[in-house]
Amino acid sequence: MNRNDASSGKQAYLGILVCPKASPVPFGSSVFYRKLAAAGESLGLAVYVFALDWIDWTSRRVTGYAYDQAAGRWTRGTYPLPRLVYDRAFPRSMLALMRLRAGVSRLAAEPGVSLLGRGLGGKLDVYRLLAEDRALVSLLPPSEPYAGPASLARFLRERGDVVVKPQGGTHGKGVFRLRKTPEGAYEARGRTASNRSVALRFERREALLRWADARLIGGRPFLLQPYLELTMPDGAPYDVRALVQKDGEGRWTFTGAAARVGRPGGVTSNLHGGGAPRPAADALAERFGRAAAERILRRIRRAALAIPPVLERGHGPLLELGIDFGVDAGGQVWVLEVNSKPGRTSFTRLRDDPVGIAAVTSPIRYARYVLDRQLGGQNQ
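Residues numbered from 1 in each chain as written. Predicted model: local features only at pLDDT ≥ 70, side-chain atom pairs only at ≥ 80, totals over all residues. Heavy atoms only, no water.

Student: Before we go on, may I ask you to explain the sheet that holds strand β14 (residues 238-246) in this structure?
Tutor: Within a sheet, each strand pairs with its neighbour through backbone hydrogen bonds, oriented either parallel or antiparallel. Here we have 5 strands laid out as an open sheet, ordered β16-β15-β14-β17-β18, and antiparallel in their pairing. Each having just a single partner strand, β16 (276-279) and β18 (333-339) make up the two edges of the open sheet. In this sheet, neighbouring strand axes are inclined to one another by 35 degrees on average, regardless of whether the strands run parallel or antiparallel. When strand β15 (residues 252-261) meets β16, the two strands line up antiparallel, connected through 4 bridges. (Pairing = 2+ DSSP bridges. Helix = DSSP H or I, 4+ residues; strand = E, 2+ residues; numbered from the N terminus. Axes fitted to C-alpha atoms, helices over the stretch in contact; angles between N-to-C directions.)

Written out as structure tokens, the structure reads:
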């Protein structure tokens, strides 16, 4: 097929929506998308990568990039609007987020175009949806929006040890632990929006509150939660990332779980902040013993499969979720975060072939299911 005029043949197109960047291949995660393209080809789906700014809305044509397997490279071409859209766009600012949401809504309103899933809202929105389910409430740490220095002062007074995090942040950036030290001073530890590790000391609470309001939060939407002791025996923070996805029959399945272990003394375990993946069973066994680890993993699996239907009732259709669980010293499982655009790094670095393969192929198999069952399998 002529890549420069891809509409010359009848094709079922899956478009991967991205935020462009300035580079020879103008988008990130190209290895992941190359694997998606190969999986799509095996199921009769032509995959291309595109951005909202590359759409000509009048002609319903899209400039996109398809992977040429024979040549081993990405090739630019012109395509029809995709029948199916897999949203993998990660905006870097609130303005970019608003533009993305408006563009996705416009795209979804185009005749013949369907989204495989819509991105979730902020952390507090997700928390409120989950809190409506009585079976999940016990897994949620108390959370409330930051409402000025007085709200943080009260949270510190009541909890003594607080985590503040951006409602829309990712990769642990902007997450800080604020606490009163045994000596009566206050400290703040975390990573800035630019991913720089910071540790600060304040002699008085008012100084901490001023710094947090002006320098850390700066008018952006933040969330307050109690600090949970989620550490390995050496003091390294850790969590368990569970990946759940819809399969080729439209059912939610548990793809796998991996532990992410940060640096001793750190606040977050995210890989972008220097954390490293480990098999979840091994990390939990080191922390709690093998028998207890197996029980905890069963609870995580049950919770991970219970969460998607609850979110879909209040949010609408989803495709996949990365769910971060914390396990405290007493073995209590907590839901820390739910991400509707999860990465695969935790699993690919572990060289777990069955999980790694499923992580890539599940979205393609579900896309084929949507095309065949919900859209009747018509080609573009």
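Student: Just to check I follow, could you spell out the nonpolar core for this structure?
Tutor: Most often, soluble globular proteins keep nonpolar side chains buried together rather than apart. The biggest cluster of nonpolar side chains holds 47 residues, and the ones touching the most others in it are Y33, F50 and L116. Within the residue set of this core, elements represented by two or more residues are β1 (13-17), α1 (30-42), β2 (46-50), β4 (61-68), β5 (73-80), β6 (84-87), α2 (94-109) and α10 (353-374). In this view, F50 contacts G15, I16, L17, V18, I55, V62, T63, G64, P82, V85 and L107; residues no more than four positions away in its chain are not counted. The next biggest cluster of nonpolar side chains, apart from the first, holds 40 residues, and it includes V126, A242, A285 and V338. (Core = buried A, V, L, I, M, F, W, Y, C linked by side-chain atoms within 4.5 Å. Buried < 20%, exposed > 50% of the residue type's maximum accessible area, 1.4 Å probe, protein only. Contact = heavy atoms within 4.5 Å.)

Student: Any chance you could explain a positive patch on the surface here in plain terms?
Tutor: A contiguous patch of positive charge on the surface is contributed by R295, R298, R299 and R302. Mapped onto the elements of the fold, R295 is located in helix α8 (residues 290-315). Judged by its relative accessible area of 43%, R295 falls in the partly exposed class. (Patch = residues over 30% accessible without salt bridge, like charges linked within 9 Å, V, L, I, M, F, W, Y side chains within 5 Å. Areas by Shrake-Rupley, 256 points an atom, 1.4 Å probe, with all protein chains shown as cover. Salt bridge = Lys/Arg side-chain N within 4 Å of Asp/Glu carboxyl O. Lys, Arg positive; Asp, Glu negative; His and termini not counted. Charge placed at Lys NZ, Arg CZ, Asp CG, Glu CD.)

Student: Please clarify how the pattern of salt bridges should be interpreted in this entry.
Tutor: A side chain of one charge can pair with a side chain of the opposite charge if their charged atoms are brought near each other. A full pass over the atoms with the stated rule returns 24 salt bridges. We note a salt bridge from R60 to E110, for which the minimum N-O separation is 2.5 Å. Of this pair, R60 sits in the loop between β3 (55-56) and β4 while E110 sits in the loop between α2 and β7 (114-115), and the two are 50 residues apart along the sequence. On the basis of relative accessibility, which here comes to 29%, the residue R60 falls in the partly exposed class. With a relative accessible area of 15%, E110 lands in the buried category. For R278, the salt bridge is made with E286, and the minimal N-O distance between the two is 2.7 Å. Assessed through its relative accessible area of 26%, R278 is described here as partly exposed. Under the relative-accessibility criterion, E286 is labelled partly exposed at 45%. Taken together, the salt bridges that share partners define one network made up of D239, R241, R260 and D324.

Student: Would you mind going over unusual backbone geometry with me for this structure?
Tutor: Trans peptide bonds make up most of the peptide bonds, and negative phi angles are found at most residues other than glycine. Residue S29 is not a glycine yet carries a positive backbone phi of 55 degrees. Tracing the chain through its elements places S29 in the loop between β1 and α1. Given the relative accessible area of 44%, S29 is considered partly exposed. Of note in this structure, R60 is not a glycine but carries a positive phi near 55 degrees.

Student: It is not clear to me how helix α6 (residues 205-217) should be interpreted in this structure. Could you clarify?
Tutor: The periodicity of an α-helix, 3.6 residues per turn, causes residues three or four places apart in sequence to face the same way. At W211, α6 shows its largest kink, close to 30 degrees. Listed as buried for α6 are L208, L209, W211, A212, L216 and I217. Those residues of α6 that are buried lie in contact with α5 (149-159), β9 (161-166), β10 (176-180), β11 (186-191), β12 (197-202) and β13 (222-226). Positive backbone phi, approximately 55 degrees, marks G218, located one or two places after α6. (Bend = angle between axes of the 7 residues up to and from the residue.)

Just distances and angles here, no functional claims.
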